[in-house]
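# Descriptive analysis of the structure
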Number of protein chains: 2
Amino acid sequence: MNKKSATIYDISKKLNVSVATVSRALNNHPRISQATKDLVVKTAKEMNYKQNNLAKALKSGETKNVGIIVPYINTNFFSSVIRGIEEELSPHGYHVIICQSHEDINIEKRHLNTLLNAQVDGIFMSVSKTTIDTEHIRNILDTSNTPIIFFDRKKDISGISTVTIDDYRGGYMATEHLIKEGYKNICHFAGDLNLEIYQNRLNGYKQALIDNDLTVKSDNIISTGSSIDAGIEAIKKLWEKKSVPDAIFSSSDFAALGACQELKKRKIKIPQEVAVIGFSNEPFTQFMELPMSSVDQTPVTMGKIAGQVFLESVKENGAGVSIEKKVVLAPQIYIRKSSKRK
Amino acid sequence: MNKKSATIYDISKKLNVSVATVSRALNNHPRISQATKDLVVKTAKEMNYKQNNLAKALKSGETKNVGIIVPYINTNFFSSVIRGIEEELSPHGYHVIICQSHEDINIEKRHLNTLLNAQVDGIFMSVSKTTIDTEHIRNILDTSNTPIIFFDRKKDISGISTVTIDDYRGGYMATEHLIKEGYKNICHFAGDLNLEIYQNRLNGYKQALIDNDLTVKSDNIISTGSSIDAGIEAIKKLWEKKSVPDAIFSSSDFAALGACQELKKRKIKIPQEVAVIGFSNEPFTQFMELPMSSVDQTPVTMGKIAGQVFLESVKENGAGVSIEKKVVLAPQIYIRKSSKRK
DNA sequence: TTGTAGGCGTTATCAA
DNA sequence: TTGATAACGCCTACAA
């Protein structure tokens, strides 16, 4: 009892018309009589006909599928970007395929290949932390027409559109805010500097200090990971070194959270003695014992814009041109108790 | 300058062999000379040949794609389940397509149809809150062989495998824990009772009361939504009615969070005066001012098991049989400060 | 070991 | 307005 779904052949046989007629009727072709159109549509419904998009895709070269590669899907940031992409593209008939790179360049390469084999119409990606060499990506540009769009974690490759937030500005804003609150010895928890986003946040931090006549001390720039533990460790080290800051701008909410936990343990008052501001505006920041300031990356918007950039590039590609877009979104700072001294 | 990728025809022409030979060489067919195999593989690489899975799928009837329909992707629970499914299926060559129903049965129906049109090999879904009638789903079982697997939010439909947690037990455990801590007037924030999961949590709550000789009062069962505001409203109403409980078991972490916020505002001490325990073990629960107890649904595991159930059902389907599996996972209770009085 | 040819389900071109 | 047929790229009997 195999339920094979009906094809246009089955319909054509049943109605004694050609498959071409059936196809045209189903696709609302203009030059076809209303009578046959109605008849075909009606019997198609009766026979529970379902169009086979595979065959259509093989013919047209368009699968109406796009791929997304992210390190992990179950983080607030990435799942929100994916939500934005899905919501932008779904009304246009696209399906969204997701892949996780687990921060591993080799897995990333593999996914890139299988997505290409699957004939996706476009690929959205945020590169992994271990993606230093980008030859595999540039190679795709040379050998296929599949548009690639970077979001958030981009690499500078000509021919690839990007959608990011202005991380430099985010770092600058956060730091400037701390300065305006009267903090003078501001420490930065830097993320993985292999990624541009963290590099930019650091640069924004530095420039804000300089613009406000504060010195940039290398002792105040600590390379941490993006985990709670990393934040805890960083605080431990700072206090051991007696190199105590009066404020912390962390490039990661999780590291900032770890810092808060460790500071509390040491009975150091936030924000009176030490201010803390994070980055990403993770949901938990507003529910913390002491609501934590953070910089929002507007992930859903980022996803929607990335979707729009893709749709435009598909249109342009049809017209034979391919344009490289660089969209930079404005970060939004959320000031909460953890950094308000005044 | 259109970069069309090479096909096996291009390779066959270049090497003056038939496409069949090329196909066989590429697929490591046993009856083919090592020499030609090497040659074909080598030139395929040179020509940057990429297998077109579309054509393969059209022929084989297997797309190696599965669809997932969830209300929203950017929640900790659903994105974690998706992570589990992706990690289980990716090594088997499957890609995962995600769709959001936005809690709307009509969108859900549409996605179900487009996924079927896309010839996915299976569909995972958590039904929307508005999915009361299930004819559209049962209809699929009658007209196609595509296996459907419900996770978490299931409906009772024969022929469909399900992976859920034992919500009844979760509700029972949470309530029993409160009782053991000495709370006697326990209130339940019930979720949307159209969904089995919330029904089950409620039933577990009731039975735990009964088993411990406490009376089930209808005044203590409050139908709330799953939002922070819903929790705030619920507390307001309870205190207005002077029907004050000494503990709250909420079917939602967010409603529980709202309750905590409103209780704090009213200077009611947690857990001394009122205990609170939620459901889902959202990440924020452990970072709250007062870490909140909650029942964990082990979402990543749920996704992995769902993936396994799918893989088995594909194997069985090949053998001509189709078995209906009902996997029930054990919930895990996390007891934190919000419910520990002793 | 290799080649020929048909078919998967559609759409589109050319004729009628 | 409709029909016949080729083509999309691949796999696989069946033949050689």
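Structural notes, computed from the coordinates. (Residues numbered from 1 in each chain as written. Chains lettered and ligands numbered in written order. Predicted model: local features only at pLDDT ≥ 70, side-chain atom pairs only at ≥ 80, totals over all residues. Heavy atoms only, no water.)

Right, let's get into the protein's contact with DNA strand C. Around DNA strand C sit 27 residues, and of these Tyr49 of chain A together with Thr21, Arg24, Arg31 and Lys59 of chain B come closest. The protein-proximal atoms of DNA strand C, defined as those within 4 Å of the protein, are 57% sugar or phosphate. At a separation of 3.2 Å, a phosphate oxygen of DNA strand C approaches a polar side-chain atom of Asn27 of chain A. In the environment of DNA strand C, a phosphate oxygen lies 2.6 Å from a nitrogen or oxygen atom belonging to the side chain of Tyr49 of chain A. Within the residue set of the surface near DNA strand C, elements represented by two or more residues are helix 1 (8–15), helix 2 (19–26) and helix 4 (53–60) of chain A together with helix 2 (19–26) and helix 4 (53–60) of chain B. Grouping the constituent residues of the surface near DNA strand C by class yields nine nonpolar, 10 polar and eight charged. (Near = heavy atom within 4 Å. Polar contact = N/O pair within 3.5 Å; in protein donor to acceptor, adjacent residues only side chain to side chain. Helix = DSSP H or I, 4+ residues; strand = E, 2+ residues; numbered from the N terminus. Nonpolar A, V, L, I, M, F, W, Y, C, P; charged D, E, K, R; others polar.)

This part is about the relation of the copies chain B and chain A. Put simply, the second copy of the chain is the first one after a rotation about an axis and a shift along it. Between chain B and chain A, the superposition needs a rotation of 180° and an axial shift of 0.0 Å, giving an RMSD of 0.1 Å. The transformation relating the two chain copies, once decomposed into turn and shift, fits a two-fold axis. Considering only C-alpha atoms, the residue of chain B closest to the rotation axis is Glu289 of chain B, which sits at 1.6 Å. By residue overlap, the copies meet face to face through one surface: 100% of the interface positions of chain B are interface positions in chain A. (Least-squares fit on C-alpha atoms with pLDDT ≥ 70 in both. Contact = heavy atoms within 4.5 Å.)

Quick look at the protein's contact with DNA strand D now. Taken together, 27 residues form the shell around DNA strand D, and within it Thr21, Arg24 and Arg31 of chain A together with Ile8 and Tyr49 of chain B come nearest. In DNA strand D, the atoms that sit within 4 Å of the protein are 59% sugar and phosphate, with bases accounting for the remainder. Tyr9 of chain B places a polar side-chain atom, nitrogen or oxygen, 3.5 Å from a base nitrogen of DNA strand D. Of all the secondary-structure elements, those providing two or more residues to the surface near DNA strand D are helix 2 and helix 4 of chain A together with helix 1 (8–15), helix 2 and helix 4 of chain B. Broken down by class, the residue content of the surface near DNA strand D amounts to nine nonpolar, 10 polar and eight charged.

All names here are of chain B. Pairing is mixed across the open sheet formed by six strands, whose spatial order is 7-6-8-9-10-12. The open sheet is flanked by strand 7 (221–223) and strand 12 (332–334), the only strands paired with a single partner. Pairwise comparison of adjacent strand axes, ignoring direction, gives a mean angle of 20° for this sheet. Inspection of the sheet shows strand 10 (residues 293–296) paired to strand 12 by three bridges, in the antiparallel sense. Its bridge partner being in strand 12, Val295 is matched across the sheet by Ile333. (Pairing = 2+ DSSP bridges. Axes fitted to C-alpha atoms, helices over the stretch in contact; angles between N-to-C directions.)

Before going further, it helps to examine the interface of chain B and chain A. Taken together, the contact pairs 52 residues of chain B with 52 residues of chain A. In total, about 4600 Å² of surface goes out of reach between chain B and chain A, with carbon and sulfur atoms giving 55% of it. Linking chain B with chain A are zero salt bridges. At the junction of chain B with chain A, the criterion picks out 17 residue pairs in polar contact (both at pLDDT 80 or more). Those elements that provide at least two residues to the side of chain B that touches chain A are helix 4, helix 5 (76–89), strand 2 (95–100), helix 6 (105–117), helix 7 (135–143) and helix 11 (253–265) of chain B. (Buried area = accessible area lost by both parts, 1.4 Å probe. Salt bridge = Lys/Arg side-chain N within 4 Å of Asp/Glu carboxyl O.)

Residues and elements named next belong to chain A. Along its 13 residues, helix 3 (residues 34–46) runs 18 Å from first to last C-alpha, staying within 8% of the 18 Å computed at 1.5 Å per residue. Among the residues of helix 3, Lys37, Val40, Thr43 and Ala44 are the ones counted as buried. Projected down its long axis, helix 3 carries its buried residues within an arc of 145°, all on one side. For helix 3, the exposed residues lying more than 90 degrees away from the buried face are Gln34, Ala35, Lys45 and Glu46. Buried residues along helix 3 sit against helix 1 and helix 2. At the C-terminal side of helix 3, Asn48 shows a positive phi close to 60°. (Expected span 1.5 Å × (residues − 1). Buried < 20%, exposed > 50% of the residue type's maximum accessible area, 1.4 Å probe, protein only. Arc of directions from axis to C-beta.)

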